[in-house]
Amino acid sequence: MCTSVKNPLMHGSNRSHLARCLVLCTAFILAGCGGSSSDNNPGNGAANLAPGQDDEPVPENTRFNTATNFSVTREPGPRLPEPEEILELTDVEFNRGLPAAVLQTPDGLDTSINQPPFFENLQNLEVLAGDTIEVVYQPQDPDGELPGMFPEKLPQGAQFVDNFDGSKTFTWQPLQMDVGINRFTVTAVDAADQRYRSSQSILIKVVLPEDSSTIPNVAPMLDTILAHTVRVNDPVVFELKGIDLNGTVPTIEIPDLPAMASVEQDPRFNEIYVLKVVPTTVGEFTIDVLVRDSVDPGLFVTEQVSFNVLAPSAFDRPGTALRALAQNRDIDIGFAALQSFYHRPDGALYADTAAREFSIVTPENSMKMDHINPQPGRYQFAATDNLVSFARQYGMRIHGHPLIWYRQLPAWVEATQPQDREGLMRDYITNIMSRYQSDITLWDVVNEPLSDNGGFRDSVWFEAMGERYIDLALQQARRVDPSATLLINEFDIAFAGPKFDALLQLVDNLQARQIPLDGIGFQLHLFADFDQFDELASHFAAIAARGLDIYITELDVSLSANTTLSTQADVYQQIATICLQQSRCRALQMWGLTDQYSFRSNFDPLPFDRAYQAKPAYRALQQALENSR
Ligand code: G3I
């Protein structure tokens, strides 16, 4: 293994971790400056001001979306940084040297006979922007086999090339956009047990040379755009984003703008140009997009945006829509809505398909705390408000998700002191539930409180309040909206094991303490070889026996090497039948609508494919809803 840095620099000059702490502490100070919205805040700690007028979304220009039958708003102020943009790496981590390898050890592995793979001689690097790095990775395995290897996230423009001798070479020319400390992680996979993995990061510090003219000016590019299928005469919107690794903002031009089309720079995000076109004929559409360097106008690339246009009849489906069939069986059937789906090219088709087939909708991401409350006293409601408008337009119920979760927490919450978190949690529940009280009547109040082995999952909430946080969250939710249905939502409780046992114990303890709880959400993220149907039915019965409702909240059935669309359909049909045969099962909700936008899109887990064509799973759901009595 060798590391060669062309134009090598002195290693070792470091930046401090202090910057990240400053970010967190700043967030905390900001939090401390706010007043609390409720008298529940125990002191002057991290308070979270209730939403104010300046959090109210404003109407969005219809030129920027594909919403046809409901109003769309956008956030009022400047764009807030994405959560991952806040947590920059700084010098203290770089100074600490090479990060420790992170091991992923499967349950039951006997480490005395199988050692993890590892990488040798890696080191943090420091390089000038414009120079090229070459690092050869050669994973080792004490058991003598040849480990597999894959990079977690390649930087723009980087390569990770196979040398076909068990080693791979990472090549990268960082530019102005990469100045700072970057993490590059490669995972080695044990040959004997692929679940046994070792992830090794290196930190790469990129600094600007004194003379920036030594940095090559590279051509800009167009951000990746998925292939899309749309419907004739629907509005189609593309958010075209230019990327220039030199850190400048390229301009975008459409040399031959089609009829019935417009293109204009988004007034809030100057790197985005919104192309809107209404295709009036079926067929494959291709539009040339010219991305021009803002420093050297003679430097540009022409890339193509293409999409497939089908007639409305191409989306007709035999039989009765799922929504109508489910209504006849007195249950809801639903999906998780892609955040801001009306900003996607196929947003009109997405909305129409959802409205025809589903009676309940869950926001996939827009109500997660790091999105909806990214800074103390700051809120981003537009995406959720728009989903409420959509649901109102089509008479859909809304499933609020999530309130209290261990993930997707904004940096300012992570930075709070434990003693401030009960008040913070109460304020948050009050602020969010109150805003949507007239539209959202069902809530995942506590999401995924249990760990795989049946203990309580570690989180800022559990650290501060122990398991009482669950009691307090449910009590606060009941206090805010006495008529709402309150759930605990969990995954991997469809089959026997310590986690479901712990869930039953949790429910019994909550009920013994008269803590309000109306039901349990079974997420059901499954693979198509799932076969523990009897166990699932018995788990539903155990929850029903405790007087609680059951919601299937996040159903998706991922295909794997040895499964087919038919086996996938059979799992959907059996899950739906089990729900229909359990009188306390109130809803069957999928985690998405089309494979195009699934969080597991590589496994095609949903009833609609990327072209909105019904898969056998859709037909299987129809049959279950028509038959099982
Ligand atoms: O919106 C940002 C985008 O601006 C940024 O460029 C991009 C790249 O970093 O990230 C985007 O945010 C991502 C978000 O999905 C929207 O795509 C987050 O990084 C990513 O972490 C987030 O993943 C979601 C995940 O929950 C974590 O919140 C998945 O979409 C979502 O399907 C998944 O859903 C969860 C349920 O809420 C709870 N049950 C399990 C289920 C699956 O993990």
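Residues numbered from 1 in each chain as written. Predicted model: local features only at pLDDT ≥ 70, side-chain atom pairs only at ≥ 80, totals over all residues. Heavy atoms only, no water.

Engineer: Could you give me a rundown of the overall build of the chain, with the residues and numbers involved?
Structural biologist: Each helix and strand in the chain was counted, giving 15 helices and 29 strands. Taking 25 Å as the expected radius of gyration for a compact globule of 629 residues, we find that the chain reaches 26 Å, a close match to that expectation. With the C-alpha coordinates aligned to their principal axes, the bounding extent of the chain is approximately 70 × 65 × 55 Å. Within the chain, residue pairs in contact and separated by at least 24 positions form 76% of the contacts whose partners lie at least 6 positions apart. (Helix = DSSP H or I, 4+ residues; strand = E, 2+ residues; numbered from the N terminus. Rg over C-alpha atoms; globule rule 2.2 N^0.38 Å. Contact = heavy atoms within 4.5 Å.)

Engineer: Quick one: what's the story with the environment of Pro 374, residue by residue and with numbers?
Structural biologist: Mapping Pro 374 onto the fold places it in the loop between helix H6 (369-372) and helix H7 (382-393). Residue classification places Pro 374 among the buried residues on the basis of a relative accessible area of 11%. Considering only alpha carbons, one finds Pro 374 and Leu 80, 294 residues apart in sequence, at a separation of 8.0 Å. In contact with Pro 374, other than residues within four places in its own chain, are Leu 80, Met 369, Tyr 379, Gln 380, Pro 410 and Trp 412. (Buried < 20%, exposed > 50% of the residue type's maximum accessible area, 1.4 Å probe, protein only.)

Engineer: Tell me what's going on with the domain arrangement of the chain, and back it up with residues and numbers.
Structural biologist: On domain assignment, one finds that the chain holds domain 1 (91-214) and domain 2 (221-313). Listed by partner, the interface residues are four residues for domain 1 and six residues for domain 2. Buried area between domain 1 and domain 2, summed over both chains or domains, comes out near 540 Å², and the portion from carbon and sulfur atoms is 63%. Taken together, domain 1 and domain 2 are joined by zero salt bridges. Our count for the contact surface shared by domain 1 and domain 2 stands at two residue pairs in polar contact (both at pLDDT 80 or more). Of the residues belonging to the side of domain 1 that touches domain 2, the class tally is two nonpolar, two polar and no charged. (Domains from an automatic or database assignment. Buried area = accessible area lost by both parts, 1.4 Å probe. Salt bridge = Lys/Arg side-chain N within 4 Å of Asp/Glu carboxyl O. Polar contact = N/O pair within 3.5 Å; in protein donor to acceptor, adjacent residues only side chain to side chain. Nonpolar A, V, L, I, M, F, W, Y, C, P; charged D, E, K, R; others polar.)

Engineer: Account for the sheet that holds strand E16 (residues 261-265), naming residues and giving values.
Structural biologist: In space, the four strands of this open sheet follow the order E12-E14-E17-E16, with antiparallel pairing throughout. Each end of this open sheet is capped by a strand with a single partner; those strands are strand E12 (221-222) and E16. Pairing of E16 with strand E17 (residues 272-277), which is carried by five bridges, proceeds in the antiparallel orientation. Residue pairing across strands places Ser 262 opposite Lys 276, the latter belonging to E17. (Pairing = 2+ DSSP bridges.)

Engineer: Tell me about the packing of helix H9 (residues 421-435) against helix H11 (residues 468-480), residues and numbers included.
Structural biologist: For the pair H9 and H11, the least separation of the axes is 9 Å and the interaxial angle reads 35°. Where H9 crosses over H11, the two elements pack in a sense that is right-handed. Facing Glu 422, Met 425, Arg 426, Ile 429, Thr 430, Met 433 and Ser 434 of H9, the residues of H11 in contact are Arg 468, Tyr 469, Leu 472, Ala 473, Gln 476, Ala 477, Arg 479 and Val 480. Per-class residue counts for the contact of H9 with H11 are eight nonpolar, three polar and four charged. (Axes fitted to C-alpha atoms, helices over the stretch in contact; angles between N-to-C directions. Left-handed = near helix turned anticlockwise from the far one by under 90°.)

Engineer: Help me get a handle on the nonpolar core, residues and values and all.
Structural biologist: Trp 461 and Ile 575 are the most contacted members of the largest nonpolar core, which has 111 residues in total. Not counting the four nearest positions on each side in its chain, Trp 461 is found in contact with Met 369, Ile 404, Trp 405, Leu 409, Val 413, Arg 421, Leu 424, Met 425, Gly 466 and Tyr 469. Ranked by size, the runner-up nonpolar core spans 24 residues in total, among them Val 127, Met 149, Ile 204 and Ile 243. (Core = buried A, V, L, I, M, F, W, Y, C linked by side-chain atoms within 4.5 Å.)

Engineer: Outline the packing of helix H14 (residues 565-580) against helix H15 (residues 616-627), listing residues and values.
Structural biologist: Two numbers describe how H14 lies on H15: the axes approach to 8 Å, and their chain directions differ by 25°. It follows from the interaxial angle that H14 and H15 lie roughly parallel. Helix-helix and strand crossings are classified by hand; for H14 and H15 the assignment is right-handed. Judged by residue contacts, Leu 565, Gln 568, Ala 569, Tyr 572, Gln 573, Ala 576, Thr 577 and Leu 580 of H14 engage Pro 616, Ala 617, Ala 620, Leu 621, Gln 623, Ala 624 and Leu 625 from H15. Classifying every residue of the contact of H14 with H15 by side-chain character gives 11 nonpolar, four polar and no charged. (Parallel < 35°, antiparallel > 145°, perpendicular 65-115°, else oblique.)

Engineer: Can you break down empty space enclosed by the protein residue by residue, with the values?
Structural biologist: This structure, assessed with the given rule, holds five cavities of 30 Å³ or more. Forming the boundary of the largest cavity are Ala 337, Leu 338, Gln 339, Ser 340, Phe 341, Tyr 342, Pro 363, Glu 364, Ser 366, Ala 383 and Leu 387. When its residues are assigned to classes, the lining of the largest cavity shows seven nonpolar, three polar and one charged. Empty space within the second largest cavity amounts to approximately 50 Å³. For the lining of the second largest cavity, the class distribution of residues is seven nonpolar, two polar and one charged. (1 Å grid on protein atoms, 1.4 Å probe; cavity = no way out; pocket = protein on both sides within 12 Å on 5 of 7 lines; lining within 4 Å. Points joined across faces, edges and corners; volume = space filled by probe spheres on them.)

Engineer: I'd love a proper account of the pattern of salt bridges, names of residues and values included.
Structural biologist: This model, assessed by the stated rule, comprises 26 salt bridges. A salt bridge links Asp 55 to Arg 378; its shortest N-O distance comes to 4.0 Å. Within this pair, whereas Asp 55 is found in the loop between helix H1 (18-33) and strand E2 (58-59), its partner Arg 378 is found in the loop between H6 and H7, the two being separated by 323 residues in sequence. Its relative accessible area of 1% is what places Asp 55 among the buried residues.

Engineer: Can you explain the state of the cysteines? Please cite residues and give values.
Structural biologist: Tallied over the full model, the rule gives one disulfide. Each sulfur in the disulfide pair Cys 579 and Cys 585 lies 2.1 Å from the other. Because the sign of the S-S torsion sets the handedness, a value of about -95° for the bond joining Cys 579 and Cys 585 places this disulfide among the left-handed ones. Judged by relative accessible area, which is 1%, Cys 579 ranks as buried. Judged by relative accessible area, Cys 585 falls into the buried class, the value being 2%. (Disulfide = S-S within 2.5 Å.)

Engineer: Give me the lowdown on the sheet that holds strand E13 (residues 228-231), citing residues and values where you can.
Structural biologist: Where strands meet in a sheet, backbone hydrogen bonds hold them as pairs that are either parallel or antiparallel. Ordered by their spatial adjacency, four strands build an open sheet running E13-E19-E18-E15, and the pairing between neighbours is mixed. One side of each edge strand has no neighbouring strand; the edge strands of this open sheet are E13 and strand E15 (251-253). Going from strand to strand, the sheet's axes swing by 35° on average, the running direction of each strand aside. Two strands pair when backbone bridges link them, and E15 and strand E18 (residues 283-292) are joined in this way by three bridges, in the antiparallel orientation. Bridged to Ile 252 within E18 is Val 291.

Engineer: I'd love a proper account of the confidence of the model for the chain, names of residues and values included.
Structural biologist: Taken residue by residue, the chain gives an average pLDDT of 90. The fraction at 70 or more is 91%. Scored below 50 in pLDDT, residues 1-45 shows 106 contacts in the model against residues more than four places distant or in partner chains. (pLDDT = per-residue confidence, 0-100.)

Engineer: Could you give me a rundown of the pairing of E13, with the residues and numbers involved?
Structural biologist: Residues His 228 and Val 230 of E13 are buried on one face, and the alternating residues Thr 229 and Arg 231, pointing to the opposite face, are buried as well. Where E13 and strand E19 (residues 300-310) come together, four bridges link them in parallel fashion. When the sheet's bridge partners are listed, His 228 is paired in E19 with Phe 307.

Engineer: I'd like a rundown of the side chain of Asp 556, residues and numbers included.
Structural biologist: Within the element layout of this structure, Asp 556 appears in strand E28 (residues 549-558). Contact partners of Asp 556, with chain neighbours within four places excluded, come to Leu 524, His 525, Leu 526, Tyr 572, Trp 591, Phe 599, Arg 600, Pro 605 and Leu 606.

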